[in-house]
Amino acid sequence: MGFSRTVPALPVRDMPAAIAFYETRFGFDVVHSDEGFAKLERDDAQVHLWLAGDTDWRARPDLVERPIVSGAEDFLAGTASCRIDVDSADDVFAEMRAAGVLHRTHGDGAKTTTWRTREVDTLDLDGNLLTFVERLA
């Protein structure tokens, strides 16, 4: 038995807006989309988006008796993260800076870690964290 590729699935509040953001800011292409799910690809990377659009919990007076359990509540958007392997963190940094998606704590270039990677942190429209990772030899 062997594991292979992983595919992150990130919660978003507005599917059409999220898809447009991933296309224009991150350069992904849409492979499939419907009102609750989207599959996007760029080169060998794939990201899935799922709609966290349940707002019914906000108006319920009986949250103690009927806890939040749909798994699609809108407050879930912006709580996820993923890491995407890339060939050049410096190239990604330049592209993501131009796209205006760098994490607010990011400095002036890709960050070199003690675990032998160079990384670029970005945020999507909902605040989900996407870290682009170049693995150093």
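Placed above this text is the structure.
Computed from a predicted structure; not experimentally measured.

S.K.: I'd like to hear about the overall build of the chain, residue by residue, with values.
M.R.: The helix and strand inventory of the chain stands at two helices and eight strands. Starting at the N terminus and walking to the C terminus, you meet the elements of the chain as β-α-β-β-β-β-α-β-β-β. Along the first, second and third principal axes, the C-alpha atoms of the chain reach 55 × 40 × 30 Å. Accessible surface computed for the chain: about 8,200 Å², of which carbon and sulfur atoms make up 51%. Measuring between centres, the 15 positive side-chain charges of the chain sit 5 Å from its 25 negative side-chain charges.

S.K.: For the packing of aromatic side chains, give the residues involved together with the corresponding values.
M.R.: The geometry of two aromatic rings is summed up by the distance between their centres and the angle between their planes. Tallying each qualifying case throughout the model produces four aromatic pairs. Aromatic ring contacts, followed pair by pair, group F21, Y22, F26, F28 and F132 into a single cluster.

S.K.: Describe the sheet that holds strand 5 (residues 81–85), with residues and values.
M.R.: Overall, mixed pairing links the four strands, which are arranged 5-8-7-6 in an open sheet. Two strands close off the open sheet at either side, each with one partner strand: strand 5 and strand 6 (111–112).

S.K.: Give a detailed account of the nonpolar core, specifying residues and quantitative values.
M.R.: Within the largest apolar cluster, 27 residues are counted, with the highest numbers of intra-cluster contacts made by Y22, F26, F28, L49, I84, L130 and F132. Elements supplying a minimum of two residues to this core: strand 1 (9–12), helix 1 (15–24), strand 3 (37–42), strand 4 (45–51), strand 5, helix 2 (89–99) and strand 8 (129–135). In this structure, F26 is in contact with F21, R42, E95, M96, V101, T122, L123, D124, L130 and F132, ignoring residues within four places of it in sequence.

S.K.: Outline the pattern of salt bridges, supporting the account with residue identities and numerical values.
M.R.: Within this structure, the stated rule accounts for seven salt bridges. When the shortest N-O distance is used, the salt bridge between D90 and R118 registers 2.4 Å. Taken together, the residues span a long stretch of sequence, with D90 in helix 2 and R118 in strand 7 (residues 117–123) at a distance of 28 residues. On the basis of relative accessible area, R118 is assigned to the buried category, the value being 17%. When the shortest N-O distance is used, the salt bridge between K111 and D121 registers 2.4 Å. Of this pair, K111 sits in strand 6 while D121 sits in strand 7, and the two are ten residues apart along the sequence.

S.K.: I'd like to hear about the sheet that holds strand 4, residue by residue, with values.
M.R.: Judged by pairing direction, the sheet is mixed, and its four strands sit side by side in the order 1-4-3-2 without closing on themselves. Since the sheet does not close on itself, it has two edges, and those belong to strand 1 and strand 2 (29–33), each with one partner. The mean inter-strand angle of the sheet, taken between neighbouring strand axes irrespective of direction, is 25°. With four bridges joining them, strand 1 and strand 4 adopt parallel strand pairing. In the sheet register, V12 faces strand 4, and the bridge partner there is L51.

S.K.: Can you break down the side chain of D126 residue by residue, with the values?
M.R.: Inspection of the secondary structure assignment puts D126 in the loop between strand 7 and strand 8. Here the side chain of D126 touches R13 through a polar contact of 3.0 Å, side chain to side chain.

Analysis parameters
- Residues numbered from 1 in each chain as written.
- Predicted model: local features only at pLDDT ≥ 70, side-chain atom pairs only at ≥ 80, totals over all residues.
- Heavy atoms only, no water.
- Helix = DSSP H or I, 4+ residues; strand = E, 2+ residues; numbered from the N terminus.
- Areas by Shrake-Rupley, 256 points an atom, 1.4 Å probe, with all protein chains shown as cover.
- Lys, Arg positive; Asp, Glu negative; His and termini not counted.
- Charge placed at Lys NZ, Arg CZ, Asp CG, Glu CD.
- Phe/Tyr/Trp six-rings, centres within 6.5 Å; stacked < 30°, edge-to-face > 60°.
- Pairing = 2+ DSSP bridges.
- Core = buried A, V, L, I, M, F, W, Y, C linked by side-chain atoms within 4.5 Å.
- Buried < 20%, exposed > 50% of the residue type's maximum accessible area, 1.4 Å probe, protein only.
- Contact = heavy atoms within 4.5 Å.
- Salt bridge = Lys/Arg side-chain N within 4 Å of Asp/Glu carboxyl O.
- Axes fitted to C-alpha atoms, helices over the stretch in contact; angles between N-to-C directions.
- Polar contact = N/O pair within 3.5 Å; in protein donor to acceptor, adjacent residues only side chain to side chain.

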